[in-house]
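# A structural walkthrough
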Amino acid sequence: MPMLLAVGVRRFVPPAILSRFYPKIGQFNILLLMLFPLGLMAGFRTTFDHNPWQALLLLVLSSVLALVFYFTAYIMYRRFGYENAIVAALVCGGRNVLLSYTITVPFMGAVFLPLLGAFQLPMFCLPLLGKYMAKRHTTQPIDLKSGF
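Residues numbered from 1 in each chain as written. Predicted model: local features only at pLDDT ≥ 70, side-chain atom pairs only at ≥ 80, totals over all residues. Heavy atoms only, no water.

## Digging into the overall build of the protein chain
A count of helices and strands for the protein chain gives 7 helices and 0 strands. Listing every helix and strand of the protein chain by position from the N terminus yields α-α-α-α-α-α-α. Considering the protein chain as a whole, with its 148 residues, one finds that 23% of them fall into the buried category. Restricting to contacts in the protein chain with at least 6 residues of sequence separation, those with at least 24 account for 66%. Carbon and sulfur atoms make up 73% of the accessible area of the protein chain, which amounts to about 11100 Å² in all. (Helix = DSSP H or I, 4+ residues; strand = E, 2+ residues; numbered from the N terminus. Buried < 20%, exposed > 50% of the residue type's maximum accessible area, 1.4 Å probe, protein only. Contact = heavy atoms within 4.5 Å. Areas by Shrake-Rupley, 256 points an atom, 1.4 Å probe, with all protein chains shown as cover.)

Written out as structure tokens, the structure is:
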């Protein structure tokens, strides 16, 4: 439904009006984006309160999933350049995947929502991995072998 609303607004509202109101509305987008994961953490917290070992296993599983998504995308997009591969890996392993997961919650069972809550920490740590990889790439010395 939100996608249809966005398409409808873009099609029927003139660009001049959109450009005037978007900066005012855009201020709240980032706030809502930062508050969204807090709702997902509730299921993980409940699991942690009742069974800490299960919560730890969910955290490990979510960390593995986040790294698999990250490095799979990195490898697939590496041919487009190092920087593009890191950006693609962050997008594929991060919030966009999580947003897709939230749609499937009613179909996935009771453990899925705590898994999404556990996925928050590894997902929000992926940019740190991307920063480390980018910094490591830019500081590596170039080994030029000369024939002289």
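## Quick look at the nonpolar core
Counting 12 residues, the largest nonpolar core is built from Ala 66, Tyr 70, Ala 73, Tyr 74, Tyr 82, Ala 85, Ile 86, Ala 89, Phe 119, Met 123, Leu 126 and Met 133. Going through the elements one at a time, helix H3 (52-77), helix H4 (82-93) and helix H7 (112-139) are the ones with two or more residues in this core. Core analysis: the next-biggest nonpolar cluster, separate from the first, contains 8 residues, Ala 55, Phe 112, Leu 115 and Leu 116 among them. (Core = buried A, V, L, I, M, F, W, Y, C linked by side-chain atoms within 4.5 Å.)

## Comments concerning the pattern of salt bridges
Evaluated as defined, the whole model comprises 1 salt bridge. Taking the shortest distance from any N to any O, the salt bridge between Arg 45 and Asp 49 comes out at 3.0 Å. Of this pair, Arg 45 and Asp 49 are both found in helix H2 (residues 15-50), 4 residues apart, which corresponds to roughly one turn of the helix. (Salt bridge = Lys/Arg side-chain N within 4 Å of Asp/Glu carboxyl O.)

## Structural notes on a nonpolar patch on the surface
The grouping of Phe 28, Leu 31, Leu 32, Leu 35 and Leu 38 at the surface amounts to a nonpolar patch, some 530 Å² of accessible area in total. One can find Phe 28 in helix H2. (Patch = residues over 30% accessible without salt bridge, like charges linked within 9 Å, V, L, I, M, F, W, Y side chains within 5 Å.)

## Some words on the side chain of Ser 62
By secondary structure assignment, the location of Ser 62 is in helix H3. Ser 62 gets classed as buried once you look at its relative accessible area, which sits at 0%. What Ser 62 contacts, discounting residues up to four positions off in sequence, is Leu 115, Ala 118, Phe 119 and Pro 122.

## Some thoughts on the packing of aromatic side chains
How two aromatic rings sit relative to each other is given by the distance of their centres and the angle of their planes. This structure, assessed with the given rule, holds 3 aromatic pairs. Plain terms: the ring middles of Tyr 70 and Phe 71 are 5.0 Å apart, the flat faces sit at 85° to each other, and that makes the pair edge-to-face. What makes Tyr 70 buried here is its relative accessible area of 0%. Residue classification places Phe 71 among the partly exposed residues on the basis of a relative accessible area of 34%. (Phe/Tyr/Trp six-rings, centres within 6.5 Å; stacked < 30°, edge-to-face > 60°.)

## As for the environment of Leu 128
Residue position: Leu 128 is located in helix H7. Between the C-alpha atoms of Leu 128 and Leu 90, which are 38 residues apart in sequence, the distance is 9.9 Å.

## Here's the deal with the confidence of the model for the protein chain
One rule of thumb: low pLDDT means the predicted coordinates there are not for detailed reading. Chain-level statistics for the protein chain give a pLDDT mean of 80 and a share of 81% at 70 or above. The least confident element of the protein chain, judged by mean pLDDT, is helix H5 (residues 95-103) at 65; the most confident is H3 at 91. (pLDDT = per-residue confidence, 0-100.)

## Re the environment of Phe 69
Tracing the backbone shows Phe 69 in helix H3. The exposure class of Phe 69 is partly exposed, given its relative accessible area of 25%. C-alpha separation for the pair Phe 69 and Ala 89, spaced 20 residues apart in sequence, amounts to 7.3 Å.

## Quick word on H3
Here H3 contains 26 residues, and its C-alpha end-to-end distance of 37 Å stays within 8% of the 38 Å for a straight helix at 1.5 Å per residue. Taken together, the buried positions of H3 are Ala 55, Leu 58, Ser 62, Ala 66, Tyr 70, Ala 73 and Tyr 74. (Expected span 1.5 Å × (residues − 1).)

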